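Descriptive structure summary
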Amino acid sequence: MPLQRRFCNVANVETIMNAEYLSPQGRRLLDRRSFLGTAGLSTAGLALASLLNADGLLADDKPAAGGKTPIRPKIDPNNPYSPRPAHFDMPAKQVLVIFCPGAVSHVDTFDYKPALAQLHGQKPPGIPAVTFEGPTGNIAKPFWEFRPRGETGKMVSDLLPHLAEMVDDFCFFHSLTTDTSAHPQGENFMNTGFTMEGFPSFGAWITYALGTENQELPAFVAINDPRGLARSGKNNFGNGFLPAAFQGTDFNAQHPPNNLHRPGSLSPSDDRATVELLQRLNARHLEKYPGDADLAGRIASYELAGRMQTSVPEVMDLSGETGATLKAYGVEGGSELRGQYARNCILARRLLEKGVRVVQLFNGSDPSGGNGITNWDSHSNIASTHAMQAEIMDQPTAALIADLKQRGMLEDTLVVWATEFGRMPFLQANGTGRDHNPDAFTCFLTGAGVKRGFSFGESDEFGFKAAVNPTTVYDFNATLLHLMGLDHERLTFYHNGLERRLTNVHGHVVHDVLA
């Protein structure tokens, strides 16, 4: 800065400090007696606010989006997994999410559209020329026959014969819509409420709100497909900006968590002594940083990991399962992948039996793009690729739900079967696959608090767009939270100046599906 300009600035400061240029309020603050009086009153005000806050007498927080006062669970940093009460009483205390990455074709499974057979091979007006992956082809009838099932007569295709037998227990959403037609964003949106990365997953929100009854196992377990992670990877079960303790712990029947077993070179007594020393050191360290949620989360995770050295081998040991159970789940007699997925289904049931709050079970992965081989993304050869995925998913999933029912566990367990979007009623230009459809798809619920043998909403006559009671992913997630006894408009976490929610600023509970 030039020397002359610097002098000018100093002169300006001296001018401003001259009392005749100050406002009356400013001149009062230059008076020592007024200044001390103002400072004293301010200090007294701060002290009063602190006392009122300690007694819970301060005014409520500012309303969250939707105009309701936020409810942030009170979490003990030393025990972030301790059980916490719901906002209101509902039957569901645990939740199982069965997620099928790749986009299951609703028009080939659960959403019966006779018009597709009538217009098979034609291209009526209104079909777009281009969709997500390129030029469109003609209308195609379902690749499998639909038949009436159960007492309700619900039409379901032959692709999923075992799940078809159970439709009287299911509550279908037939008019779901999403905000994206890309898999990573679609998985993010379905599982976190946002298309972008970095937001807490559904399971993380549930465990943040409710904790867990079982202190020997993780509150939230993600059971990955035998073939690997889905397209969005660990974001599907991550904690986002919630405390680290609420992320999902991922393992499956093939791959247990690492380092479960004590090294042979370490005696049991030395192992115990080491654990006790670490506990003392961690407790002392945490006392220095009482408000550090990340530190508390890491310590709690390490302590849980120590307990898991005993609890996880026990829950993963399937040797006590009867031959009839293994047969019902399809462990033997099918493809190797079906057997592996079936073991994952048994593991899911055993985790729920042990009181794990949230279990997310994946059917499909995406190590190299999917293409209908590792997940449900059937852009070509849908007749063979969807059949391949159905052989893996259908029998074990149906057996899992039936097993939960016969053990009485559906009385307090909510089961969610979901995919990220649907598929088009017309073929792609290749003539063998269906493209992504974000404007209509189907998911279903069963278990605690849900109507059975019920269908909500309808897509249009082709299954192209939601037509009756269009339902957003925000509405779907709001309903799931409600079924768990949580108000989606009040369950918040303050982050970067905002009261963040799973449902952002949107969503309405679909009361029609509540039992």
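Residues numbered from 1 in each chain as written. Predicted model: local features only at pLDDT ≥ 70, side-chain atom pairs only at ≥ 80, totals over all residues. Heavy atoms only, no water.

For an α-helix, the turn length of 3.6 residues means that residues three or four places apart are oriented alike. Among the 10 residues in helix α6 (residues 183-192), eight count as buried, and that is most of the element. The set of residues buried in α6 consists of His 183, Gly 186, Glu 187, Asn 188, Phe 189, Met 190, Asn 191 and Thr 192. In the segment just after α6, Gly 193 is the residue with positive phi, at about 85 degrees. (Buried < 20%, exposed > 50% of the residue type's maximum accessible area, 1.4 Å probe, protein only. Helix = DSSP H or I, 4+ residues; strand = E, 2+ residues; numbered from the N terminus.)

Moving on, we come to the pattern of salt bridges. Side-chain pairs of opposite charge can arise where the charged atoms are in close proximity. Within the structure shown, the criterion is met by 22 salt bridges. Lys 113 is the partner of Asp 111 in a salt bridge, and the nearest nitrogen-oxygen pair spans 3.7 Å. Taking the shortest distance from any N to any O, the salt bridge between Arg 149 and Asp 158 comes out at 2.7 Å. By relative accessible area, which is 14% here, Arg 149 ends up buried. Shared partners join several salt bridges into a network, and the residues in it are Glu 321, Arg 349, Arg 350, Glu 353, Asp 403 and Arg 407. (Salt bridge = Lys/Arg side-chain N within 4 Å of Asp/Glu carboxyl O.)

Our next topic: the confidence of the model for the protein. Close inspection of predicted coordinates is inappropriate in any region flagged by low pLDDT. Of the residues in the protein, 89% reach a pLDDT of 70 or more, and the chain-wide mean stands at 89. Low confidence marks residues 1-17, where pLDDT is under 50. Its contacts with residues over four positions away, or in another chain, come to five contacts. (pLDDT = per-residue confidence, 0-100. Contact = heavy atoms within 4.5 Å.)

Moving on, we get to the pairing of strand β5 (residues 154-157). Here strand β4 (residues 146-149) runs beside β5; their pairing, made up of four bridges, is antiparallel. Paired with Phe 146 across the strands is Ser 157, a residue of β5. In textbook terms, the turn of a hairpin is the stretch between consecutive antiparallel strands, and for β4 and β5 this stretch comprises four residues, one of which, Gly 150, has a positive phi near 65 degrees. (Pairing = 2+ DSSP bridges.)

Here Glu 420 is to be found in the loop between β10 (413-418) and β11 (422-428). Buried within the structure, Glu 420 lacks any salt-bridge partner; its nearest side chain of opposite charge belongs to Arg 423, at an N-O separation of 6.9 Å. A distance of 2.8 Å separates polar atoms of two side chains, one belonging to Glu 420 and the other to His 183. The contacts of Glu 420, once residues within four sequence positions are left out, are Phe 99, Cys 100, Pro 101, Gly 102, Ala 103, Thr 178, His 183, Gly 186, Glu 187 and Phe 441. (Lys, Arg positive; Asp, Glu negative; His and termini not counted. Polar contact = N/O pair within 3.5 Å; in protein donor to acceptor, adjacent residues only side chain to side chain.)

Right, let's get into a nonpolar patch on the surface. There is a patch of nonpolar side chains on the surface, built from Leu 277, Leu 278 and Leu 281 and spanning about 260 Å² of accessible area. Inspection of the secondary structure assignment puts Leu 278 in helix α8 (residues 268-288). (Patch = residues over 30% accessible without salt bridge, like charges linked within 9 Å, V, L, I, M, F, W, Y side chains within 5 Å. Areas by Shrake-Rupley, 256 points an atom, 1.4 Å probe, with all protein chains shown as cover.)

Mapped onto the elements of the fold, Thr 109 is located in the loop between β1 (94-99) and α4 (114-118). Overall, the relative accessible area of 1% leaves Thr 109 in the buried class. Sequence spacing of Thr 109 and Phe 143 is 34 residues, and the spatial spacing of their C-alpha atoms is 9.3 Å. In contact with Thr 109, other than residues within four places in its own chain, are Val 104, Phe 146, Val 156, Ser 157, Leu 159 and Leu 160. In this structure the side chain of Thr 109 is engaged in a polar contact, spanning 2.8 Å, whose partner is the backbone oxygen of Ser 105.

Another aspect to go through is the state of the cysteines. Across all of its chains, the model carries zero disulfides by this definition. No disulfide involves Cys 443; its sulfur sits 9.0 Å from the nearest other cysteine sulfur, which is in Cys 100. Relative accessible area serves as the criterion here: at 0%, Cys 443 is assigned to the buried category. (Disulfide = S-S within 2.5 Å.)

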